[in-house]
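Chains, contacts and geometry: an overview
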Amino acid sequence: MIRLRFQPSTVGVLSASVNRAWLTRRYGTNEPGSTRGFGTSAMAASPLEICVKASVTTPNKLGPFCQRVLLTMEEKHVPYDMKLVDLINKPEWFLKISPDGKVPLVKFNEKWVLDSDVITQSLEEKYPEPPLTTPPEKASVGSKIFSTFIGFLKSKDQGDGTEQALLNELSTFNDYLKENGPFINGEKISAVDLSLGPKLHHMKIALGHYKDWSVPDSLSFLKSYMENVFSRESFAKTQAQAEDVIAGWRPKVMA
């Protein structure tokens, strides 16, 4: 499908398909870093408002830790109005809708909803096409990778077994993909991939920077999976800069 891209002056790239002939335009707003775009979804009358973390290294850029929700919106072609929030100096308008100062935050039917699990489930119910639901028996595949990644990242002792624990989980996932891939649910990407993909991206960047570590070549199915996910247009449009991922994990490393 041929796509037109419009680059707003402040944030993000929201795409529009030619056959829909939508236009992207800026609206006046009291919330800095807000861009309203109209995408390819015929189901939404207006864009969903979403608050996400702003970059701490580059003005008007997306920060880390909100990609799963944005990925889901992109894969479902749901138009959204993304507001970048400075979580170091939280603006007053943001604290009024999120007293705890947490993101991501999405507005459904005039109600702000917090928590990625709740938001992505709401998106699946409200925008069922294309379906992204993962069968329950596959929903936990790869679920231990993230915790073992964090354990290895925080480790100060090379012999404490945290690296091997991560390798064990990655090897198990590699074997699963060999028999069931290219994605966790087979040929089509699903919600579990949109959750795991950003975590693997953080693992690649953070461990590469702080540990000079990379996924072994022997785990070829895992490496292909990562390449497949990372190369998707939806992923490229919603990923944080490497500098922000590194900065985001620095407190864990320094603790």
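Residues numbered from 1 in each chain as written. Predicted model: local features only at pLDDT ≥ 70, side-chain atom pairs only at ≥ 80, totals over all residues. Heavy atoms only, no water.

1. Looking at the nonpolar core
How we decide: The definition of a nonpolar core used throughout is a set of buried Ala, Val, Leu, Ile, Met, Phe, Trp, Tyr and Cys residues joined through side-chain atoms within 4.5 Å. For every residue, the accessible area (1.4 Å probe, protein chains only) is compared with the maximum for its type, and the residue is labelled buried under 20%, exposed over 50%, or partly exposed between those bounds. Counting from the N terminus, the helices are the DSSP runs of H or I reaching at least four residues and the strands are the DSSP runs of E reaching at least two. Two residues qualify as a contact provided that any one of their heavy atoms is within 4.5 Å of a heavy atom in the partner residue.
Ranked by internal contacts, the top residues of the largest apolar core, which has 39 residues, are Phe149, Leu166, Phe173, Leu200, Met203 and Tyr225. If you list the elements that add at least two residues to this core, you get α4 (145-154), α5 (162-180), α6 (191-210), α7 (220-230) and α9 (242-254). In terms of residue count, α6 provides more of this core than any other element does, eight residues in total. Residues within four places of Phe149 in sequence aside, it is in contact with Leu166, His202, Met203, Ala206, Leu207 and Trp249.

2. Some details on the state of the cysteines
Here, the word disulfide means a covalent bond between the sulfur atoms of two cysteines. How we decide: Whenever a pair of cysteine sulfur atoms sits within 2.5 Å, that pair is classed as a disulfide.
This model, assessed by the stated rule, comprises zero disulfides. The structure places no disulfide on Cys51, whose sulfur is separated from the nearest cysteine sulfur, that of Cys66, by 9.4 Å. Look at Cys66 and you get buried, because its relative accessible area is 2%.

3. Notes on the pattern of salt bridges
Condition: Salt bridge criterion: a side-chain nitrogen from Lys or Arg within 4 Å of a carboxyl oxygen from Asp or Glu.
Under the counting rule described, the total for this entry stands at 10 salt bridges. Of the charged contacts in the structure, one is a salt bridge between Lys83 and Glu49, with a shortest N-O distance of 3.5 Å. In this pair, Lys83 is assigned in strand β5 (residues 80-85) and Glu49 in strand β4 (residues 48-53), connecting sequence segments 34 residues apart. Each member of the pair Lys83 and Glu49 is classed as buried. Residue Lys107 pairs with Glu110 through a salt bridge whose shortest N-O separation is 3.5 Å. One continuous salt-bridge network, built from bridges that share partners, spans Glu49, Asp81, Lys83, Lys107 and Glu110.

4. Points about the pairing of β4
Going by this rule: Viewed with both strands pointing away, a crossover whose connecting path from the first strand over the helix to the second turns clockwise is right-handed. Between any two strands, pairing holds if DSSP finds at least two bridges.
The buried fraction of β4 is high, at six of six residues. For the crossover that starts at β4, traverses helix α1 (residues 67-75) and ends in the parallel β5, the hand is right-handed. Taken together, the two bridges between β4 and strand β6 (residues 105-108) define a ladder with antiparallel strand orientation. Residue pairing across strands places Ile50 opposite Val106, the latter belonging to β6.

5. Some thoughts on unusual backbone geometry
A cis geometry characterises the amide bond from Glu129 onward to Pro130, with omega recorded as -10°. Structurally, Pro130 is set in the loop between α3 (116-126) and α4. With omega at 15°, the peptide bond leading from Gly181 into Pro182 counts as cis. For Phe65, which is not glycine, the phi torsion reads 80° and is therefore positive. Among the secondary structure elements, Phe65 is positioned in the loop between β4 and α1. Using a relative accessible area of 39% as the deciding quantity, one classes Phe65 as partly exposed. With a phi close to 50°, Asn109 is a non-glycine residue in the positive phi region. Relative to the assigned elements, Asn109 resides in the loop between β6 and β7 (111-114).

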